[in-house]
Amino acid sequence: MALFRVMFGVLIIADLWFRSYYIHEHYSDIGVWPLMNAVSENRYSFSFHYISGSYGFQAFMMLLAAFCAFCSIIGWHTRFFVVMNWLMLCSIQNRNPYLLDGGDEYIRMFSFWAMFLPLGERFSIDSMPHARSKHSITNTNNGGCNNMKGSDGSSYYLSLGTFSTWGQFTIIYMFTAYLKWGEEWTKDLTATQYALKSSQIARPFGYAISDYTLLLKFLTWGVLWFEKLGPFMAVSPFWSGPMKSLAVLGFWLMHIGFGACIALGQFVVVPGVCSLVFLPGWFWEVLVPYVRARLPLPKAYRLMRTRQQGTIIIHTRGETMRKVVATFCMFFVWDKYEIVDADVASRDPFRKTADDLANKGKMPVDGITLDIHSETKQILHDNETFSIEYHGKRVSGYNGAAALVETSCVWFLSSLMRHRRVRPVLTTVGHALAALESKSSIFSNWIYPATPRKFSKSILVEIASILFLFYILNWNLGTFFRYPIQPDIFWIGPTFKVDQYWGMFAPHPPMSSGWMVMDGQNAMGELVNVFPGHEHDPVDYTRPEVFSSYFPSQRWSQFLQCLPDQRLADLRLQFGRFVCREWNFWGRNPPEKFLKSFKITYYRADTHLDGKEAEIQSGVLWDHQCY
């Protein structure tokens with residue numbers, strides 16, 4: 001679950017990064033969907049983004065969402081920030097729902113279920129044992145990932161929340177499989193071929209393989225059956241470890257394959273990240289050490305790993321330095337280590353290290369013996385704040401910090417730390433931490449818990465999780481059997497954002513290709529292209545082979561593909577006003593280049609697998625007068 005928490009937070013930050021490129025166009029009051037329209041349309045929804053439609057406020061809300069995601073990554077007040085992740089996701093998705101795709105729905109649902117999981121129990125600041133201890137911090141890893149286990153030795157967690165999370169995962173794939181009842185999926189097996197010949201969604205690679213009929217039929221059959229069986233493999237009681245790991249790998253490969261052929265945005269990686277929650281203890285305790293021992297690594301790292309014996313002994317002076325080192329070791333050092341307070345150790349000449357206790361009757365670790373029994377009885381000199389001892393040698397100061405990085409799973413960064421331009425910068429940062437020890441220790445005490453924060457089960461929360469699961473099951477059954485949700489409980493879905501539909505390419509795949517041309521006339525009577533991202537290109541009326549690559553981004557693709565919907569006349573009106581503002585305001589064009597009018601023409605052609613040329617149909621979606 002720790003890997004899921006980290007990757008999920010990274011996914012949220014990456015999503016916010018790509019959204020931030022189009023704050024002006026997609027989220028501000030002068031963009032394609034002004035705040036007034038968003039508030040009036042979404043009856044049940046809430047959004048912090050409704051407070052203001054200014055560019056600055058929208059940017060601030062994205063920064064706040066990124067901060068919440070970062071805090072969940074490092075596991076600081078994990079439960080609170082996991083809840084905040086869900087609130088911020090709902091908020092930004094409600095601000096402009098016409099930008100959303102299946103990946104947004106997927107990430108929103110797993111953000112909801114993450115609130116019921118103990119995501120901060122491992123590899124987190126919340127779980128750091130004795131981070132504020134004034135004596136020593138010891139980890140007993142032995143070349144594997146045993147720190148994935150809890151204090152009771154267990155690496156498993158079972159609750160109604162975990163059952164409901166698996167239930168949501170199963171609902172997604174079972175319904176997306178059984179909603180595909182069309183002959184293209186069940187009889188002819190031509191669904192994948194139809195999808196890859198649809199120009200508005202196919203990628204160049206997908207279009208290139210769209211004529212390999214036999215291969216695509218096999219892929220259609222394989223996808224349909226894996227969607228049915230994959231969720232049950234993820235909780236298999238038989239050959240549990242290998243089977244669950246194989247299921248996670250299967251979901252990654254399936255969605256990466258989708259993304260290689262079809263423009264799906266973040267839907268390529270979101271399901272794979274969410275499936276990480278089902279990784280079994282076997283993966284960390286058996287498979288990872290096995291692969292790690294046989295992984296081809298650079299010669300220097302392999303020599304260091306071979307020479308390294310016993311525990312890595314790390315001496316620190318100062319509370320802040322000890323906490324920084326402890327945090328790094330918890331996340332990145334997978335071998336045995338012990339962090340010792342230098343001042344305490346120097347006052348206790350009879351202190352034993354972890355290796356001394358494990359090897360009674362044997363000589364202590366070299367270096368520790370020399371330091372403790374030296375005449376000065378000092379582990380660190382007066383001008384030192386850090387040192388590390390491993391495979392019989394002691395390195396202090398900046399070189400010691402680089403050596404610590406070298407013993408970690410991010411060993412490749414040690415060469416960067418030794419670079420002549422990086423070293424002075426990091427040295428200055430280290431000196432600043434040492435100089436501000438008294439002030440920074442107050443700040444670090446606020447960050448690190450006095451005792452580990454535990455995820456406590458609540459009977460009310462557990463009951464709520466199972467009730468939400470039944471509600472979601474009922475919602476999906478309603479989409480399958482086409483019965484309406486009871487009016488008295490309908491509001492729960494859109495309010496808590498658990499409303500969902502998993503009919504991707506169902507019941508039939510897209511069996512036609514569509515593309516748009518946006519041509520306009522400026523004040524001089526010249527023909528101009530007003531398609532977003534192509535304002536300087538000539539107008540092209542020819543049929544594109546791959547129209548998906550014509551969109552500026554996946555968000556623009558989702559929005560523009562909503563325009564042909566006849567129910568969304570107000571959306572086309574707001575888009576027309578936005579185009580006119582972009583051309584005529586902000587000083588981007590001189591008055592003689594102002595846009596006078598433009599129209600959106602939609603072209604459509606049916607897909608014929610037999611190679612027959614399709615008749616192209618066209619119609620004007622929108623005709624807009626700027627002035």
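Located above this text is the structure these notes cover.
If you tally the helices and strands in the protein, you get 28 helices and nine strands. The burial tally for the protein puts 52% of its 627 residues in the buried class. By sequence separation, contacts in the protein at least 24 residues apart represent 73% of the contacts at least 6 residues apart.

Taken in spatial order, the four strands of this open sheet run S7-S6-S8-S9, and their pairing is antiparallel. One side of each edge strand has no neighbouring strand; the edge strands of this open sheet are strand S7 (527-529) and strand S9 (616-625). When the angles between neighbouring strand axes are averaged without regard to direction, this sheet yields 30°. Where strand S8 (residues 595-606) and S9 come together, nine bridges link them in antiparallel fashion. Considered in S9, the bridge of Thr601 is made with Val620.

Residue Ala506 is joined to Pro507 through a cis peptide bond whose omega torsion reads -5°. By secondary structure assignment, the location of Pro507 is in the loop between helix H26 (492-496) and strand S6 (512-522). Of note in the backbone geometry, His77 takes a positive phi value of approximately 45° without being a glycine. You can see His77 is positioned in the loop between helix H4 (55-74) and helix H5 (78-95). Here the phi dihedral of Phe123 falls at roughly 50°; this positive angle occurs in a residue that is not glycine.

Secondary-structure assignment places Ala65 in helix H4. In sequence terms Ala65 and Met84 are 19 residues apart; their C-alpha atoms lie 7.9 Å from each other. Each residue touching Ala65, except ones within four places of it in the same chain, is listed here: Leu16, Asn85 and Met88.

Here the focus is a nonpolar patch on the surface. Taken together, the side chains of Tyr212, Leu215, Phe218, Leu219, Trp221, Trp225 and Leu229 present a nonpolar region at the surface, about 750 Å² in accessible area. Take Leu215: it is sitting in helix H11 (residues 213-233).

Before going further, it helps to spend a moment on the state of the cysteines. Counted under the stated rule, the structure contains one disulfide. Shown here is the disulfide that connects Cys580 with Cys626, its sulfur atoms set 2.0 Å apart. Classification of the bridge connecting Cys580 and Cys626 rests on its S-S torsion, roughly -70°, and on that basis the disulfide is left-handed. Here the residue Cys580 occupies a position in helix H28 (residues 569-584), and Cys626 occupies one in the segment after S9, the gap between them amounting to 46 residues.

This part takes up helix H7 (residues 160-178). With 19 residues, H7 should cover 27 Å at 1.5 Å per step; its first-to-last C-alpha distance of 26 Å lies within 8% of that length. Within H7, 16 of the 19 residues are buried, which leaves it mostly tucked inside the rest of the structure.

Moving on, we come to the environment of Pro449. Structurally, Pro449 can be placed in the loop between helix H23 (437-447) and helix H24 (459-481). Counting along the chain gives 324 residues from Pro449 to Ile125, while the straight-line C-alpha distance between them is 7.7 Å.

Before going further, it helps to examine the side chain of Lys497. You can see Lys497 is positioned in the loop between H26 and S6. Among buried charged residues, Lys497 stands out as having no salt bridge; its nearest opposite-charge side chain is Asp499, 4.5 Å away. Of the polar contacts made by the side chain of Lys497, one reaches the side chain of Asn94; its length is 3.1 Å. The residues contacting Lys497, other than those within four sequence positions of it, are Cys90, Asn94, Arg108, Met109 and Ile492.

Conventions and cut-offs
Residues numbered from 1 in each chain as written. Predicted model: local features only at pLDDT ≥ 70, side-chain atom pairs only at ≥ 80, totals over all residues. Heavy atoms only, no water. Helix = DSSP H or I, 4+ residues; strand = E, 2+ residues; numbered from the N terminus. Buried < 20%, exposed > 50% of the residue type's maximum accessible area, 1.4 Å probe, protein only. Contact = heavy atoms within 4.5 Å. Pairing = 2+ DSSP bridges. Axes fitted to C-alpha atoms, helices over the stretch in contact; angles between N-to-C directions. Patch = residues over 30% accessible without salt bridge, like charges linked within 9 Å, V, L, I, M, F, W, Y side chains within 5 Å. Areas by Shrake-Rupley, 256 points an atom, 1.4 Å probe, with all protein chains shown as cover. Salt bridge = Lys/Arg side-chain N within 4 Å of Asp/Glu carboxyl O. Disulfide = S-S within 2.5 Å. Expected span 1.5 Å × (residues − 1). Lys, Arg positive; Asp, Glu negative; His and termini not counted. Polar contact = N/O pair within 3.5 Å; in protein donor to acceptor, adjacent residues only side chain to side chain.

It is worth stressing that arrangement in space is one thing and function is another; only the former is reported here.
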